[in-house]
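# Descriptive structure summary
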2 protein chains.
Amino acid sequence: MAQKQQNLSKNQKIVLDIIEKSVQPMKAYSILFNVQKKGLKAPPQVYRALDKLVEIGKIHKIESRNAFIACRNSACTIANATAFSICESCEDVKEISSSKLSKYLSNFQDKEGMKYNKYNLEFFGICKKCK
Amino acid sequence: MAQKQQNLSKNQKIVLDIIEKSVQPMKAYSILFNVQKKGLKAPPQVYRALDKLVEIGKIHKIESRNAFIACRNSACTIANATAFSICESCEDVKEISSSKLSKYLSNFQDKEGMKYNKYNLEFFGICKKCK
DNA sequence: GTAACTATGTAATAATATAACAATAAAATT
DNA sequence: AATTTTATTGTTATATTATTACATAGTTAC
Ligand SMILES: [Zn+2]
Ligand SMILES: [Zn+2]
Ligand SMILES: [Zn+2]
Ligand SMILES: [Zn+2]
């Protein structure tokens with residue numbers, strides 16, 4: 001269910017911690033600024049941690065925003081199948097966990113019959129608050 | 001069917017032209033380099049054209065690659081609903097035109113009943129050639 | 001203990017994108 | 001036609017995002 005936390009390195013834990021505390025996606029340099037008091041001074045330290053955390057599915061990258069958000073989707077065992085809704089007004093981002101959607105996309109075949117088990121989907125709109 | 005071309009400005013035409021000649025997505029600075037002989041010397045000139053071309057749907061941005069590709073999807077009247085397949089080995093990118101898929105996604109409702117008519121979907125995998 | 005691997009620290013730089021402002025050109029209004 | 005407005009262009013500088021390269025330290029496997 002929940003992924004194991006023990007095997008995270010010191011820097012990975014620090015970076016994950018700050019991202020998990022944020023409701024909204026964080027940008028790499030904002031993370032860097034926030035972890036400088038903890039000793040991470042330079043971009044590579046943050047980017048390395050981010051890379052690993054994305055790889056193991058603890059966080060996801062919102063590609064259209066160059067930002068990172070913690071995975072709070074318990075069904076999201078696969079780091080490879082991600083879907084988000086993004087409010088274009090307040091930039092609120094939510095991870096969509098719909099087994100129906102993920103099944104549909106995982107089973108999708110293109111015209112050449114090719115299947116993909118990795119995808120990223122970003123929905124855009126105006127959220128309820130902003131309407 | 002095909003969008004009108006007349007109302008494009010000089011720089012927009014130049015940038016679109018170079019992107020349409022490329023089979024694969026082009027990066028902004030690669031475009032810039034290629035259009036310098038035509039008088040576009042600085043990033044803003046390229047980025048402005050790119051912004052407009054994306055807005056009117058003549059090109060799409062591949063967000064995970066920071067690259068731009070010409071729309072060759074005749075069904076893609078909406079610049080707002082885009083889907084691509086990306087080979088993680090050779091970086092070959094194809095626009096997916098599946099009315100079934102676009103219907104499914106345009107009709108998708110999240111848990112709060114919210115609908116989105118704008119989305120971007122990127123599928124990843126290894127293409128036939130690379131297998 | 002040594003080799004191999006993993007993680008860290010650090011400086012420099014590359015790659016991507018925008019802000020700000022001046023100058024032109026085209027379109028709409030009078 | 002002259003005026004106002006709007007869209008486009010040119011230019012410099014700068015902001016933001018991300019990686020390369022290399023040195024050091026810690027951990028694991030043998
Ligand atoms: Zn997730
Ligand atoms: Zn909102
Ligand atoms: Zn298209
Ligand atoms: Zn390939």
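An account of the accompanying structure is given in this report. (Residues numbered from 1 in each chain as written. Chains lettered and ligands numbered in written order. Predicted model: local features only at pLDDT ≥ 70, side-chain atom pairs only at ≥ 80, totals over all residues. Heavy atoms only, no water.)

Residues and elements named next belong to chain A. Coordination of the zinc ion (ligand 2) by the protein is provided by Cys87 (SG), Cys90 (SG), Cys127 (SG) and Cys130 (SG), with metal-donor distances spanning 2.3 to 2.4 Å. Every donor counted, the four donor atoms about the zinc ion (ligand 2) form angles of 107 to 113° at the centre, which fits tetrahedral coordination. Ordering the donors of the zinc ion (ligand 2) by residue number gives the pattern C-x2-C-x36-C-x2-C. Taking the relative accessible area as the measure of exposure, Cys127 reaches 14% and is therefore buried. (Donors = N, O, S within 2.8 Å, 3.2 Å for Na, K, Ca; no water. Tetrahedral: all angles 85-135°; square planar, octahedral: opposite > 155°, others 65-115°. Buried < 20%, exposed > 50% of the residue type's maximum accessible area, 1.4 Å probe, protein only.)

Before going further, it helps to examine the sheet that holds strand β4 (residues 93-95) of chain B. Reading across from one edge, β4(A)-β3(A)-β5(A)-β5(B)-β3(B)-β4(B) is the order of the six strands in this open sheet, with mixed pairing throughout. The open sheet has two edge strands, β4 (93-95) of chain A together with β4 of chain B, and neither has a second partner. Strand-to-strand, the axes of this sheet are offset by a mean angle of 20°, without reference to chain direction. Each of β3 (81-87) and β5 (118-125) of chain A together with β5 (118-125) of chain B touches helix α4 (residues 99-107) of chain A; the most contacted strand, β5 of chain A, lies at about 130° to it. Contacting β5 of chain A together with β3 (81-87) and β5 of chain B, helix α4 (residues 99-107) of chain B crosses the sheet at an angle of about 130° to β5 of chain B. (Pairing = 2+ DSSP bridges. Helix = DSSP H or I, 4+ residues; strand = E, 2+ residues; numbered from the N terminus. Axes fitted to C-alpha atoms, helices over the stretch in contact; angles between N-to-C directions. Contact = heavy atoms within 4.5 Å.)

Let us look at the protein's contact with DNA strand D. Lining the immediate surroundings of DNA strand D are 17 residues, of which Lys27, Tyr29 and Lys61 of chain A together with Gln45 and Arg48 of chain B lie closest. When atoms of DNA strand D within 4 Å of the protein are split into backbone and base, the sugar-phosphate part holds 47%. Between a base oxygen of DNA strand D and a side-chain N or O atom of Arg48 of chain B, the distance comes to 2.3 Å. Residues of the surface near DNA strand D, tallied by class, amount to six nonpolar, four polar and seven charged. (Near = heavy atom within 4 Å. Polar contact = N/O pair within 3.5 Å; in protein donor to acceptor, adjacent residues only side chain to side chain. Nonpolar A, V, L, I, M, F, W, Y, C, P; charged D, E, K, R; others polar.)

Tracing the chain through its elements places Glu63 of chain A in the loop between β1 (59-62) and β2 (67-70). Put simply, Glu63 of chain A is tucked away with no salt bridge, and the nearest opposite charge, on Lys61 of chain A, sits 4.1 Å away. Not counting residues within four places of it along the chain, the set of residues in contact with Glu63 of chain A comprises Asn120 and Glu122 of chain A together with Glu63 and Ser64 of chain B. (Lys, Arg positive; Asp, Glu negative; His and termini not counted. Salt bridge = Lys/Arg side-chain N within 4 Å of Asp/Glu carboxyl O.)

This part is about the interface of chain B and chain A. Interfaces are often sized by the amount of accessible area the parts lose when they come together. On the chain A side, the residues contacting the 27 residues of chain B number 28 residues. Taking both sides of the interface into account, the surface hidden between chain B and chain A amounts to around 2,700 Å²; carbon and sulfur atoms contribute 65%. Considering only the side of chain B, the residues that lose the most area to chain A are Tyr104, Tyr116 and Phe123 of chain B, jointly responsible for 21% of the buried surface there. The interface formed by chain B and chain A includes two salt bridges. Contributing elements (two or more residues each) for the side of chain B that touches chain A: α4 and β5 of chain B. Ranked by residues supplied to the side of chain B that touches chain A, first place goes to β5 of chain B with eight residues. Here the residues of the side of chain B that touches chain A are counted per class, giving 13 nonpolar, six polar and eight charged. (Buried area = accessible area lost by both parts, 1.4 Å probe.)

Interpretation in functional terms is not warranted from these geometric data alone.
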